[in-house]
Amino acid sequence: MISDLNILAVIPARGGSKGIRLKNLKKVGGVPLVELASQVASSVEFIDRIVVSTDNEEIAKAAINGGADAPFRRSEVLSGDRISDLQVLTHALKEIEQQDKKKYDVVVMLQPTSPLRTKQHIVDSLEMLINNNYDSVWTVSETDSKCHPLKQLKIKNKALEYYDNRGKDIIARQQLEKVYHRNGLVYAIKREAILNNKTIKGSNCGALICQGDFISIDTEKDLELTNYFLKK
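Summary of the structure given here. Please read all numbers here as calculations on a predicted model, not as lab measurements. Residue positions are given per chain, counted from 1 along the sequence in the order it is written. Local features in a predicted model are, by the rule used here, given only for residues with pLDDT of at least 70; side-chain atom pairs are given and counted only at 80 or more, and totals for whole chains, interfaces and linings are based on all residues. Excluding hydrogens and water, the side-chain values take into account all heavy atoms of the structure.

Time to look at helix α4 (residues 119-131). Its 13 residues place the ends of α4 18 Å apart at the C-alpha level, agreeing with the 18 Å of an ideal helix rising 1.5 Å per residue. Residues of α4 that are buried include every one of His121, Ile122, Val123, Ser125, Leu126, Leu129 and Ile130, and no others. The inward-facing, buried residues of α4 contact β1 (7-12), α1 (33-42), β5 (106-109), β6 (136-142), β9 (180-190) and β10 (205-209). Helix and strand labels come from DSSP, where a helix needs a run of H or I of at least four residues and a strand needs a run of E of at least two; each type is numbered from the N terminus. Asparagine 133 lies just past α4 and shows a positive phi near 55 degrees. Multiplying 1.5 Å by the helix residue count minus one yields the expected span of that helix. Exposure classes here rest on a 1.4 Å probe applied to the protein chains alone. A residue is buried below 20% of its type maximum, exposed above 50%, and partly exposed in between. Contacts were defined at the residue level, with two residues in contact if any of their heavy atoms lie within 4.5 Å.

This is the structure in structure tokens:
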């Protein structure tokens, strides 16, 4: 608990994955991804409850090994690849509040596929959320200028075009406004945003800008790269 607020950490980890089978059980540094997320969450003293939202027994066991609880299972309806984070968090929050017979003021979503998070990322996100009265705080990384939206292209009717027409006016990278992308390390969200406003962002979202290299794991190559970074 922090500032008299009850904090729930949710680790979303379904069994299905189109890119890598049972992706959340793949190992980074010798530890399954879902177990690693549970371990980091368990290191944050003021998180009151840590649960995994899964439809898979092996994933549930690995999360428990890391210090999380697995008090419910996702239904098949909530386990498809088109299910949103909002749907998963809403289900988890309502389920745990019913089981624990208490209200959780803040939900922290920790995606196992972003394994390079640290305890400090979680602590800083929660402190930013609470101290600045945001609806939510997302961790983000600055996007390399080579990947800037105004430098992207698309192919339409077999012809190459600017993704955004303003791209034709860009001569030097110094003309580009800084942009950021979600790195998936931490999403800290107030209860009201999820249940009342039906959003994980809200109208007042803070950005915790993270320095360093972070990988969101979708492929075997991502796993290899993450293990390489850890060895370094």
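On to the sheet that holds strand β4 (residues 49-53). In spatial order, the strands read β4-β1-β5-β9-β6-β10; together these 6 strands make up an open sheet with mixed pairing. Every interior strand has two partners, whereas the edge strands, β4 and β10, have only one. On average, each strand axis in the sheet is tilted by 25 degrees relative to the strand beside it, whichever way the strands run. A pair of strands counts as paired when DSSP detects no fewer than two bridges linking them. Axis geometry follows a simple rule: fit a line to the C-alpha atoms, using only the stretch in contact for helices, then measure angles between N-to-C directions, giving values from 0 to 180 degrees.

The next thing to look at is the nonpolar core. Val34, Val108, Ile122 and Leu126 are the most contacted members of the largest nonpolar core, which totals 36 residues. At the level of secondary structure, the elements contributing two or more residues to this core comprise β1, α1, β4, α2 (57-66), β5, α4 and β9. With 5 residues, the single largest contributor to this core is α4. With near-sequence residues (within four places) excluded, valine 34 lies in contact with Ile11, Ala13, Asn24, Leu25, Val52, Ile59, Ala62, Ala63 and Pro112. Nine residue types can take part in a nonpolar core, namely buried Ala, Val, Leu, Ile, Met, Phe, Trp, Tyr and Cys, and a core is a set of them joined through side-chain atoms within 4.5 Å. Core analysis: the next-biggest nonpolar cluster, separate from the first, contains 18 residues, Leu8, Val10, Val51 and Leu89 among them.

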